[in-house]
Amino acid sequence: MGFLDKLFGKPNKEEESMTTEKLNIGIILGSTRQGRVSPQVGEWVKGIADKRGDANYEIVDIADFNLPFLGTTDGAEPGIASWNEKLANLDGFVFIAQEYNHSITGALKNALDFAREAWNNKAAGIVSYGSTGGARAAEHLRGIMGELMIADVRVHPTLSLFTDFENGTDFKPAELHLTNVNAMLDQVIAWSGALKTLR
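All residue numbers refer to positions counted from 1 along the written sequence of the respective chain. Only residues with pLDDT of at least 70 are given local features in this predicted model, and only at 80 or more are side-chain atom pairs given and counted; all residues enter the totals for whole chains, interfaces and linings. With hydrogens and water stripped out, all remaining heavy atoms of the structure feed into the side-chain values.

S.K.: Can you walk me through helix α5 (residues 106-113) in this structure?
M.R.: Exposure classes here rest on a 1.4 Å probe applied to the protein chains alone. A residue is buried below 20% of its type maximum, exposed above 50%, and partly exposed in between. Secondary structure elements follow DSSP: runs of H or I of four or more residues count as helices, runs of E of two or more count as strands, with numbering from the N terminus. Burial in α5 covers these residues: Leu108, Asn110, Ala111 and Leu112. In what follows, a contact means two residues having at least one pair of non-hydrogen atoms within 4.5 Å. Buried residues along α5 sit against α4 (78-88), β3 (92-98) and α6 (135-147).

See the structure below:
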């Protein structure tokens, strides 16, 4: 880059590729139990996200990685390496968080603990659900994300088991959530792009 380019701020090739490459955002399903509804919520978020065209969005199902309980094996299971590799290739996250006993699921906590550097200096949003919209689980998740150096965004869509699910199983979200999901994604994209410069 020449002196005038530096002076007038013309980006170099590395900076240009960083600004034109789309970010990769993982929508992480936080439950593995039988009969879970997180796949419905995740697909709904992905459908909204894909219409935006501002990033590459994908569903990441922790159930697919068959993670053992942390500390109970020698750590050689292939799912552990695959999980870390998947996270390393993502620039940001949207957690689909269910509230179980006022917190996140054990499966999600276990998955969070199975990685370290792969989480660092990335951004995440939360879409939660439960009897109180999953708010208590989301607050616990924020504390964990802070320790893992994940920047959690402010906007937080909360879904009620009473009004957004028929019979507690069929996801029928209220229209008002669309605005919140888009606002949350705006923040995830902005922060993910900014934090990419730190990695």
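S.K.: What should I look at first to understand the packing of aromatic side chains in this one?
M.R.: The way to describe two aromatic rings as a pair is by their centre distance and the angle between their planes. When the centres of two rings from Phe, Tyr and Trp lie within 6.5 Å, Trp using its six-membered ring, the rings pair. Their planes under 30 degrees apart give stacked, over 60 give edge-to-face, and anything left gives tilted. Going through the model one piece at a time under the given rule, you end up with eight aromatic pairs. Between phenylalanine 93 and tryptophan 119, the aromatic rings sit 4.9 Å apart at their centres with planes inclined by 65°, giving edge-to-face as the arrangement. Here tryptophan 119 lies in the loop between α5 and β4 (122-130) and phenylalanine 93 lies in strand β3, a separation of 26 residues in the sequence. No difference in accessibility class separates phenylalanine 93 from tryptophan 119, as the two residues are buried.

S.K.: Mind showing me how you'd approach the pattern of salt bridges here?
M.R.: Salt bridge, as used here, is a side-chain nitrogen of Lys or Arg placed within 4 Å of a carboxyl oxygen of Asp or Glu. In the structure shown here, the tally under the stated rule is 14 salt bridges. For arginine 52, the salt bridge is made with aspartate 54, and the minimal N-O distance between the two is 2.8 Å. Judged by its relative accessible area of 24%, arginine 52 is partly exposed. For glutamate 58, the salt bridge goes to lysine 86, with nearest N and O atoms at 3.0 Å. Linking glutamate 58 in strand β2 (residues 55-61) with lysine 86 in helix α4, this pair joins segments that are 28 residues apart in sequence.

S.K.: Explanation requested: the nonpolar core in the structure shown.
M.R.: One broad rule of soluble globular proteins: the nonpolar side chains tend to lie buried together. Working definition of a nonpolar core: buried Ala, Val, Leu, Ile, Met, Phe, Trp, Tyr and Cys residues. They are joined through side-chain atoms within 4.5 Å. Within the largest apolar cluster, 29 residues are counted, with the highest numbers of intra-cluster contacts made by Ile28, Trp83, Phe95, Leu112 and Trp119. Secondary structure elements with two or more residues in this core: α4, β3, α5, β4 and α6. With five residues, α6 is the single largest residue contributor to this core. Once you skip the residues sitting within four places of it in the chain, tryptophan 119 turns out to touch Ile28, Trp83, Leu87, Phe93, Phe95, Ala111, Leu112, Leu148, Met149 and Ile150. Formed by 26 residues, the second largest nonpolar core is a distinct cluster that contains Leu23, Leu29, Trp44 and Phe165.

S.K.: Is there a simple way to think about the confidence of the model for the chain in this case?
M.R.: For residues with low pLDDT, the predicted coordinates do not support detailed interpretation. Per-residue confidence for the chain averages 92 on the pLDDT scale, and 90% of its residues sit at or above 70. Confidence of the predictor in every single residue is expressed as pLDDT, which spans 0 to 100. Between residues 3-8, whose pLDDT stays under 50, and residues either more than four places distant or in other chains, the model counts two contacts.

S.K.: Would you mind going over the side chain of serine 128 with me for this structure?
M.R.: As for its position among the elements, serine 128 is in strand β4. Pairs of N or O atoms are called polar contacts if they sit within 3.5 Å, as long as, within protein, a hydrogen donor faces a hydrogen acceptor (for residues adjacent in sequence, only side-chain-to-side-chain pairs). Among the polar contacts listed, one links the side chain of serine 128 to the backbone oxygen of glycine 134, at a separation of 3.4 Å. Reaching out from serine 128, the side chain makes a polar contact with the side chain of histidine 156 at a distance of 2.7 Å. Once residues lying within four places of it in the same chain are set aside, the contact partners of serine 128 are Ala97, Gly133, Gly134, Ala135, Ala138, His156, Pro157, Thr158 and Leu159.

S.K.: Can you help me understand the pairing of β3 in this one?
M.R.: Remember that side chains alternate between the two faces of the sheet whenever the strand is regular. Among the seven residues of β3, seven are classified as buried, and the element is accordingly described as predominantly covered. Residue alternation in β3 divides its side chains into two sets, Gly92, Val94, Ile96 and Gln98 and Phe93, Phe95 and Ala97, and both sets are buried. Strand direction decides the pairing type here: β3 and β4, joined by seven bridges, are parallel. Opposite isoleucine 96, over in β4, you have valine 127 as the bridge partner. For crossovers, right-handed means that the path from the first strand over the helix to the second runs clockwise, given strands pointing away from the viewer. This β-α-β element, β3 to α5 to β4, shows right-handed connectivity. Two strands form a pair only when DSSP identifies at least two bridges running between them.

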